[in-house]
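Given next are the chains, with one letter for each unit.
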Amino acid sequence: VEIVTEPDLHDPANVRLFLQSLKRVLEYIGVSDCSMEQGSLRVDANVSIRRVGDPIGDSKTEIKNVNSFAGIERALELEITRQIEVVEAGGTIRSETLLWDDHRSTLRSMRSKEHSEDYRYFPEPDLPPLRLTAEVLEAERKALPELPRARAARFRDSLGLSSYDADVLTQTAAGADYFEEVAAGCGDSKTAANWVMGPIQALMKAEKASPADFRVRPADIIELLRLLAEGAISDSAAKKVLRWMLQESRP
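Just so we're clear, the structure is a prediction, and the values are computed from it rather than from any experiment. (Residues numbered from 1 in each chain as written. Predicted model: local features only at pLDDT ≥ 70, side-chain atom pairs only at ≥ 80, totals over all residues. Heavy atoms only, no water.)

S.K.: I'd like to hear about the overall build of the protein chain, residue by residue, with values.
M.R.: Per the secondary structure count, the protein chain includes 9 helices and 4 strands. Secondary structure of the protein chain in N-to-C order comes out as α-β-β-α-β-β-α-α-α-α-α-α-α. Against the globule reference of 18 Å for 251 residues, the protein chain gives a C-alpha radius of gyration of 24 Å, more extended than a compact globule. Reported as C-alpha extents along the three principal axes, the dimensions of the protein chain are approximately 75 × 50 × 40 Å. The 251 residues of the protein chain split such that 29% are buried. Long-range contacts, defined as pairs at least 24 residues apart, comprise 56% of the intrachain contacts of the protein chain with a sequence gap of at least 6. Of the roughly 16500 Å² of accessible surface on the protein chain, a fraction of 52% belongs to carbon and sulfur atoms. (Helix = DSSP H or I, 4+ residues; strand = E, 2+ residues; numbered from the N terminus. Rg over C-alpha atoms; globule rule 2.2 N^0.38 Å. Buried < 20%, exposed > 50% of the residue type's maximum accessible area, 1.4 Å probe, protein only. Contact = heavy atoms within 4.5 Å. Areas by Shrake-Rupley, 256 points an atom, 1.4 Å probe, with all protein chains shown as cover.)

What follows is the structure in structure tokens.
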């Protein structure tokens with residue numbers, strides 16, 4: 001599937017935020033693991049500049065071979081700067097495809113595209129138009145799971161979390177599921193959020209584990225937080241117990 005946006009993103013930072021948001025949605029609906037390193041998600045960025053008030057021109061460059069969101073942001077920053085320098089020096093922008101070199105943080109020309117025909121815009125006889133009715137679209141919308149933005153809003157409105165906490169906890173569906181199970185079991189959403197985003201997340205990173213395969217399960221965390229709430233153990237002791245639980249869970 002190729003997703004094409006309108007040309008309405010105006011700075012590299014917003015491009016990165018858009019891509020991160022899109023990635024979260026694709027992961028939530030289970031259509032892709034969105035691994036840029038493994039090629040299951042690719043981003044090609046088209047860049048064109050114009051002075052305020054000028055009409056939109058035909059010249060643009062296309063950036064390929066980028067394997068991270070940080071890389072696409074950096075590549076866009078460099079290409080925008082280059083295009084501005086060319087125009088301010090009295091030159092014109094040549095339509096071409098550029099390749100990003102992540103190791104050197106540089107762009108190099110791959111091929112020119114001087115005419116729209118070079119983009120191969122022509123009908124494909126074996127792919128007829130796909131026309132979806134309003135009824136089909138509505139049925140698909142109803143079948144969607146709770147998406148990241150809606151889930152973050154619910155965490156804020158129903159569980160009383162801050163916008164920051166809600167955003168962090170909904171980065172992945174598995175992470176949000178893990179938190180919700182802990183919060184429901186211990187009855188204290190803020191405490192659950194602090195532990196999931198703090199010591200639990202730190203251990204996940206150290207183990208290179210995702211919430212889905214982290215060996216200390218939510219039920220174990222719920223029991224640990226119950227002991228903490230009852231005063232049976234201190235906060236520092238609870239963190240030591242957490243590390244011990246992880247060690248004991250190793251095969």
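S.K.: Talk me through the environment of Ile 49; I want residue IDs and the actual numbers.
M.R.: Mapped onto the elements, Ile 49 comes out in the loop between strand S1 (43–47) and strand S2 (61–66). Along the chain, Ile 49 and Ile 80 lie 31 residues apart, while their C-alpha atoms are 7.3 Å from each other.

S.K.: How would you explain the pattern of salt bridges if you had to name every residue and give the values?
M.R.: Close approach of charged atoms lets side chains of opposite charge pair. Per the counting criterion, the structure on display carries 20 salt bridges. In this structure, the salt-bridge partner of Lys 23 is Glu 27, at a minimum N-O distance of 2.7 Å. You can see Lys 23 and its partner Glu 27 sitting in helix H1 (residues 12–28), 4 residues apart, about one turn around the helix. Looking at Glu 27, the relative accessible area reads 22%, which means it is partly exposed. Notably, a salt bridge pairs Arg 82 with Glu 79, separated by 2.8 Å at the nearest N-O pair. Remark: Glu 79 and Arg 82 occur in helix H2 (residues 69–88); sequence separation between them is 3 residues, near one turn of the helix. Among the residues examined, Arg 82 registers a relative accessible area of 31% and is labelled partly exposed. One salt-bridge network, in which partners are shared between bridges, spans Glu 146, Arg 151, Arg 154, Asp 177 and Glu 180. (Salt bridge = Lys/Arg side-chain N within 4 Å of Asp/Glu carboxyl O.)

S.K.: Can you tell me about helix H6 (residues 173–186), naming the residues and giving the values?
M.R.: For H6, with 14 residues, the first-to-last C-alpha span of 20 Å sits near the 20 Å given by 1.5 Å per residue. Among the residues of H6, Gly 175, Ala 176, Tyr 178, Phe 179, Val 182 and Ala 183 are the ones counted as buried. Down the axis of H6, the buried side of the element spans an arc of 160°, and every buried residue falls inside it. Next to the buried residues of H6 lie H1, helix H4 (148–159), helix H5 (163–169), helix H7 (189–207) and helix H8 (218–229). (Expected span 1.5 Å × (residues − 1). Arc of directions from axis to C-beta.)

S.K.: Residues and numbers for the packing of H1 against H2, please.
M.R.: Interhelical geometry of H1 versus H2 gives an angle of 155° and a closest axis separation of 9 Å. Considering their axes alone, H1 and H2 lie roughly antiparallel with respect to each other. By crossing handedness, the relation of H1 to H2 is classed as right-handed. Facing Pro 12, Ala 13, Val 15, Arg 16, Leu 19, Gln 20 and Lys 23 of H1, the residues of H2 in contact are Phe 69, Ala 70, Ile 72, Glu 73, Leu 76, Glu 77 and Ile 80. In the contact of H1 with H2, the residues fall into 9 nonpolar, 1 polar and 4 charged. (Axes fitted to C-alpha atoms, helices over the stretch in contact; angles between N-to-C directions. Parallel < 35°, antiparallel > 145°, perpendicular 65-115°, else oblique. Left-handed = near helix turned anticlockwise from the far one by under 90°. Nonpolar A, V, L, I, M, F, W, Y, C, P; charged D, E, K, R; others polar.)

S.K.: Let's hear about the nonpolar core: which residues, and what values?
M.R.: Core analysis: the largest hydrophobic core is formed by 28 residues, its most contacted members being Tyr 178, Phe 179, Trp 195, Ile 200, Phe 214, Ile 221 and Leu 242. For this core, the secondary structure elements donating two or more residues are H4, H5, H6, H7, H8 and helix H9 (235–248). If you tally residues by element for this core, the top one is H7, at 7 residues. Those residues in contact with Tyr 178 that lie beyond four places of it in its chain are Val 196, Ile 200, Met 204, Pro 211, Phe 214, Val 216, Arg 217, Pro 218 and Ile 221. The next biggest cluster of nonpolar side chains, apart from the first, holds 16 residues, and it includes Leu 26, Val 43, Val 66 and Leu 76. (Core = buried A, V, L, I, M, F, W, Y, C linked by side-chain atoms within 4.5 Å.)

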